[in-house]
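# Chain and residue survey
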Amino acid sequence: MTKAVYVNLSHCIACKACELACEREYGEARVRVEVVLNGAGGGVGVPVSCRQCETPFCALACPENALGREVDGLKFDSGLCSDCGLCVLACPFGAIELKKAGGGSGTSFLNLSGTVVRCELCPGKETPVCVATCPAGALVYTDCESFGKNIRRGKGKKCLKPSPAPL
Amino acid sequence: MNKKPVYLEIDFDKCIGCRACTSSCPNGFIRLSETGRQRTIVFPESCGMDCQACVSACPEDAIRFARAQEYEEVRKNKEKQAERVISGSSEFELCFELVVCRKCKRPFATEKELKRVLEAIDAEISSSEYAWKGLCPSCRRDLLREREARAVLRVRKF
């Protein structure tokens, strides 16, 4: 079963600790948190990172087969990548970015080329750093099925709790 | 290692204006600039290096190396190529108008790039209507956030 980083939105406090942890680890954040306001004073922090799609559009668009799906998740081969940026345009969630390589290069032309930046679930680590960092426990590293099960269990428990005695 | 220069032949109809060749060239001979709604890629006329990085990086196979005598012919035949030569130098340039995001109105990609991506997706998936069509990556993230937040806000009843 493919594991991914799931978000329990009602827990997120929009502290951006996940962004910071990712940036410290890799130089640039692969998860982005913004607050969505509803106009009535309410708001929800929503982190967005790679969703580990079952049918990844980025891989469909990749001309070099640098991106692809394997049993345990999406794989990216930087050796094959040619930095064309088509995966960035294919991702429905805007979860891929091209890292812009340093400013000018001696000429009057800006060097806009770069390297693909996408969450890879921290290869070599037991838990991705964003999940380990999240102080609110909003990020969960698990597979789809058990995440859904946990959400249902949580909601069920809430219903089973005896309602407070009326004053 | 230097060797006899080869001439660059670009198929202007094939080129989609992505950034593969500019970022693959180890010497930075192919240059890219973006001003406002225009992306410009400047190619050298010839290259004396012993590498094929740009040729193999191009997703559309639009770059070809030609020998000198061959190239003269190409240049004569193709007026297009001659037209794009920057006056006063041997370089030639290719300009693309960038599509603006329908929400934030910032330019983000060339039309040909978007067409190629959608074709690649459509070949696998039959649905052709996507809510994120015409949005830049940053606005796609916002769209996703708004959708996800709606459910939570409804429950919280602020």
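Numbering of residues starts from 1 in every chain and runs along the sequence as written. Each chain takes a letter, starting from A, and each ligand takes a number, starting from 1, following the order in which they are written. Whole-chain, interface and lining totals are the exception, using all residues; otherwise, since this is a predicted model, local features are given only for residues with pLDDT of at least 70 and side-chain atom pairs are given and counted only at 80 or more. Hydrogens and waters are ignored; side-chain quantities use all the structure's heavy atoms.

## Thoughts on the overall build of chain B
Secondary structure is summarised from DSSP: a helix means a run of H or I of at least four residues, a strand means a run of E of at least two, and numbering begins at the N terminus for each. Each helix and strand counted, chain B has six helices and seven strands in total. Within chain B, the proportion of its 158 residues that are buried is 44%. Two residues form a contact once any of their heavy atoms are found within 4.5 Å. Within chain B, residue pairs in contact and separated by at least 24 positions form 65% of the contacts whose partners lie at least 6 positions apart. Methods summary: accessible areas were calculated by the Shrake-Rupley approach with a probe of 1.4 Å, and residue burial reflects only the protein chains presented. If you sum the accessible surface of chain B, you get close to 8800 Å²; carbon and sulfur atoms cover 48% of it. The buried label applies to any residue whose accessible area, calculated with a 1.4 Å probe on protein chains only, is under 20% of its type's maximum; exposed applies above 50%, and partly exposed to all values in between.

## A few points about the overall build of chain A
Each helix and strand in chain A was counted, giving five helices and eight strands. Counting the 167 residues in chain A, one finds 44% classified as buried. Considering only intrachain contacts with a sequence separation of at least 6, the fraction spanning at least 24 residues in chain A is 50%. For chain A, the exposed surface amounts to about 9000 Å²; the carbon and sulfur share of it is 54%.

## Regarding the interface of chain B and chain A
Opposite the 37 residues of chain B that make contact, chain A presents 40 residues. Between chain B and chain A, a total of about 3500 Å² is buried, with carbon and sulfur atoms accounting for 68% of that surface. Take the accessible area each of two parts loses on contact, using a 1.4 Å probe, and add the two losses: that sum is the buried area. Counting the surface chain B buries against chain A, the share from its top three residues, Arg 19, Arg 141 and Arg 145 of chain B, is 18%. Each salt bridge in this description consists of a side-chain nitrogen of Lys or Arg and a carboxyl oxygen of Asp or Glu lying within 4 Å of one another. At the junction of chain B and chain A, the tally comes to two salt bridges. The closest approach of N and O atoms between Glu 97 of chain A and Arg 141 of chain B, which form a salt bridge, is 3.3 Å. Polar contact is the term for a pair of N or O atoms within 3.5 Å; when the atoms are in protein, one must be able to donate a hydrogen and the other to accept it, and sequence-neighboring residues count only if both atoms are side-chain atoms. Our count for the contact surface shared by chain B and chain A stands at eight residue pairs in polar contact (both at pLDDT 80 or more). When contributions to the side of chain B that touches chain A are tallied by element, the ones reaching two or more residues are α1 (20-24), β2 (31-35), α2 (53-57), β7 (107-110), α5 (111-122) and α6 (137-156) of chain B. Examining the composition of the side of chain B that touches chain A, we find that eleven residues originate from one element, α6 of chain B, more than from any other. Lys, Arg, Asp and Glu make up the charged group, whereas Ala, Val, Leu, Ile, Met, Phe, Trp, Tyr, Cys and Pro make up the nonpolar group; the residues left over, Gly among them, are polar. Tallied by class, the residues present in the side of chain B that touches chain A amount to 22 nonpolar, three polar and twelve charged.

## Digging into a positive patch on the surface
A surface patch of positive charge is lined by Lys 149, Arg 152, Arg 153 and Lys 157 of chain A. Along the chain, the position of Arg 153 of chain A falls in helix α5 (residues 144-160). Nonpolar side chains (Val, Leu, Ile, Met, Phe, Trp, Tyr) within 5 Å and like charges within 9 Å form the patches, drawn only from residues with over 30% relative accessible area and no salt bridge. When charges are counted, Lys and Arg contribute as positive and Asp and Glu as negative, whereas His and the chain ends are disregarded. Note on charges: their place is set at NZ of Lys, CZ of Arg, CG of Asp or CD of Glu.

## Quick word on unusual backbone geometry
The backbone of Ala 14 of chain A shows a phi angle near 55°, a positive value even though the residue is not glycine. Looking at the secondary structure, you find Ala 14 of chain A in the loop between β1 (3-7) and α1 (17-26). Backbone geometry places Lys 105 of chain B, a non-glycine residue, at a positive phi of 65°. Following the sequence through the fold, Lys 105 of chain B ends up in the loop between β6 (92-100) and β7.

## Here we look at the confidence of the model for chain B
Overall, the prediction assigns chain B a mean pLDDT of 83, with 85% of residues at 70 or greater. Each residue carries a pLDDT score, the predictor's own confidence in it, on a scale running from 0 to 100. Within chain B, no element has a lower average pLDDT than helix α4 (residues 79-83) of chain B, which sits at 54, and none a higher one than β7 of chain B, at 92.

## Section: the sheet that holds β6 of chain B
Residue and element names in this part refer to chain B. Across the sheet, which stays open at both edges, the four strands sit in the order β2-β3-β6-β7 with antiparallel pairing between neighbours. In this open sheet, the two edge strands, each paired with only one partner strand, are β2 and β7. Here the average twist between neighbouring strands, direction ignored, is 35°. Here the rule is simple: two strands pair whenever DSSP picks up at least two bridges between them. Summarising the sheet, β2 and strand β3 (residues 38-43) pair through five bridges and their orientation is antiparallel. When the sheet's bridge partners are listed, Glu 34 is paired in β3 with Arg 39. In this analysis, axes come from line fits to C-alpha atoms, helices being fitted only over the stretch in contact, and the angle between any two N-to-C directions falls in the range 0 to 180 degrees. Packing of α5 onto the sheet brings it into contact with β3, β6 and β7, and relative to β7 it is tilted by some 65°.

## Some thoughts on the environment of Pro 128 of chain A
Residue and element names in this part refer to chain A. Along the chain, the position of Pro 128 falls in the loop between β7 (114-117) and α4 (129-133). In this structure, the C-alpha to C-alpha distance between Pro 128 and Val 5, residues 123 residues apart in sequence, is 8.1 Å. Sequence-distant contacts of Pro 128, that is, excluding residues within four places in its chain, are made with Val 5, Leu 121, Cys 122 and Tyr 141.

## Focus: the environment of Cys 58 of chain A
Residues and elements named next belong to chain A. Positionally, Cys 58 belongs in helix α2 (residues 57-61). Its relative accessible area of 7% is what places Cys 58 among the buried residues. Residues Cys 58 and Leu 86 lie 28 residues apart in sequence; the distance between their C-alpha atoms is 7.5 Å. Each residue touching Cys 58, except ones within four places of it in the same chain, is listed here: Leu 67, Leu 74, Cys 87, Ala 90 and Ile 96.

## Examining α5 of chain B
All names here are of chain B. To estimate how far a helix should reach, multiply one less than its number of residues by 1.5 Å. Helix length check: α5, at twelve residues, gives a terminal C-alpha distance of 16 Å against a target of 16 Å (1.5 Å per residue), a fit within 8%. Every buried residue of α5 is accounted for by Glu 113, Leu 114, Val 117 and Ile 121. The arc that holds the buried residues of α5, viewed along the axis, is 95°, so those residues lie on one side. The outward face of α5, more than 90 degrees from its buried face, is lined by the exposed residues Glu 111 and Lys 115. Of all possible arcs, the one meant is that of the directions from the helix axis to the C-beta atoms.

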